[in-house]
Amino acid sequence: TFPMDTRSQWVAISNAASYCACSVMADKNKFEAVKMRMEERRAGIERKREARLQMGADQEAIRIFNENFDKGKEDIERLLRQSEELPRSEWSRHFDQLTLACQQLQKLISDSTFILPEFDLKRALGDMSLLLSAVNEQRSKQIPKKKFAFTSRRKKVARDSTDTPAATLEVEDKRQTFYCL
């Protein structure tokens, strides 16, 4: 070994001490970093587990929606098939029932909008529009709209003024009938 003067010894000792202190601090920081990373991993695993549970709940809600939607759709299709066999006197009530069933199915879709994936939502809306068009087509086929046309009415002159003291003149317009005495 080479002889060292006091000052260089002091610097060497001080450097060694600071290295040891830094190494202890570095070890402590490493330990804290590893501990923090393990805690973050545990929290991440817990979040993923909760997300899986939530996804399971969402999947359950989607399954329930699909069951209810398919049941409602089948009911409407069954009612549509029955509409041709009904007597004329029941058509109005029957189509009111069909309209109500369609409205309930639309409400189910709108209530489930937030839980449904995009594909399921588009499929349900497409099926609903097909059902509505089928109901409207069946309604217009069985209960046609009343035709509206302007008719010109003839002007009528009731009696001669010689028959009665007060002559009555009856004039019919397109909208009103005027009586002149």
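For the structure, check the block above.
This text gives an overview of the structure that appears in the document. Note that the coordinates shown come from a computational prediction; the quantities given were computed from them, not determined experimentally.

Some thoughts on the pattern of salt bridges
Here's step 1: In the structure shown here, the tally under the stated rule is 10 salt bridges.
Here's step 2: The partner of Lys-73 in a salt bridge is Asp-127, and the shortest N-O contact between them spans 3.4 Å. With Lys-73 in helix α1 (residues 6–83) and Asp-127 in helix α3 (residues 118–142), the pair connects residues that are 54 residues apart, well separated along the chain.
Here's step 3: Using a relative accessible area of 16% as the deciding quantity, one classes Asp-127 as buried.
Here's step 4: A salt bridge links Asp-127 to Arg-123; the shortest N-O distance between them is 3.5 Å. Of the two residues, Asp-127 and Arg-123 both sit in helix α3, four residues apart, roughly one turn of that helix.
Here's step 5: Judged by its relative accessible area of 26%, Arg-123 is partly exposed.
Here's step 6: The structure contains a network of salt bridges with shared partners spanning Glu-60, Arg-63 and Glu-67.

Some thoughts on the nonpolar core
Here's step 1: Residues Phe-65, Phe-69, Ile-76, Leu-98, Leu-105, Ile-109 and Val-135 are the most contacted members of the largest nonpolar core, which totals 20 residues.
Here's step 2: When residues of this core are traced back to their parent elements, those giving at least two are α1, α2 (91–111) and α3.
Here's step 3: In terms of residue count, the dominant contributor to this core is α2 (seven residues).

Brief notes about the side chain of Ser-83
Here's step 1: Summarising the element assignment, Ser-83 is placed in helix α1.
Here's step 2: At 3.3 Å, the side chain of Ser-83 forms a polar contact with the side chain of Gln-138.
Here's step 3: Those residues in contact with Ser-83 that sit more than four places away from it in its chain are Trp-91, His-94, Phe-95, Gln-138 and Gln-142.

Some details on the environment of Leu-116
Here's step 1: Summarising the element assignment, Leu-116 is placed in the loop between α2 and α3.
Here's step 2: Given a relative accessible area of 8%, Leu-116 falls into the buried group.
Here's step 3: Each C-alpha atom, one on Leu-116 and one on Ala-61, is 8.5 Å from the other, the two residues being 55 residues apart in sequence.
Here's step 4: With residues near it in sequence (within four places) discarded, Leu-116 still touches Ile-62, Phe-65 and Leu-121.

Conventions used here
- Residues numbered from 1 in each chain as written.
- Predicted model: local features only at pLDDT ≥ 70, side-chain atom pairs only at ≥ 80, totals over all residues.
- Heavy atoms only, no water.
- Salt bridge = Lys/Arg side-chain N within 4 Å of Asp/Glu carboxyl O.
- Helix = DSSP H or I, 4+ residues; strand = E, 2+ residues; numbered from the N terminus.
- Buried < 20%, exposed > 50% of the residue type's maximum accessible area, 1.4 Å probe, protein only.
- Core = buried A, V, L, I, M, F, W, Y, C linked by side-chain atoms within 4.5 Å.
- Polar contact = N/O pair within 3.5 Å; in protein donor to acceptor, adjacent residues only side chain to side chain.
- Contact = heavy atoms within 4.5 Å.

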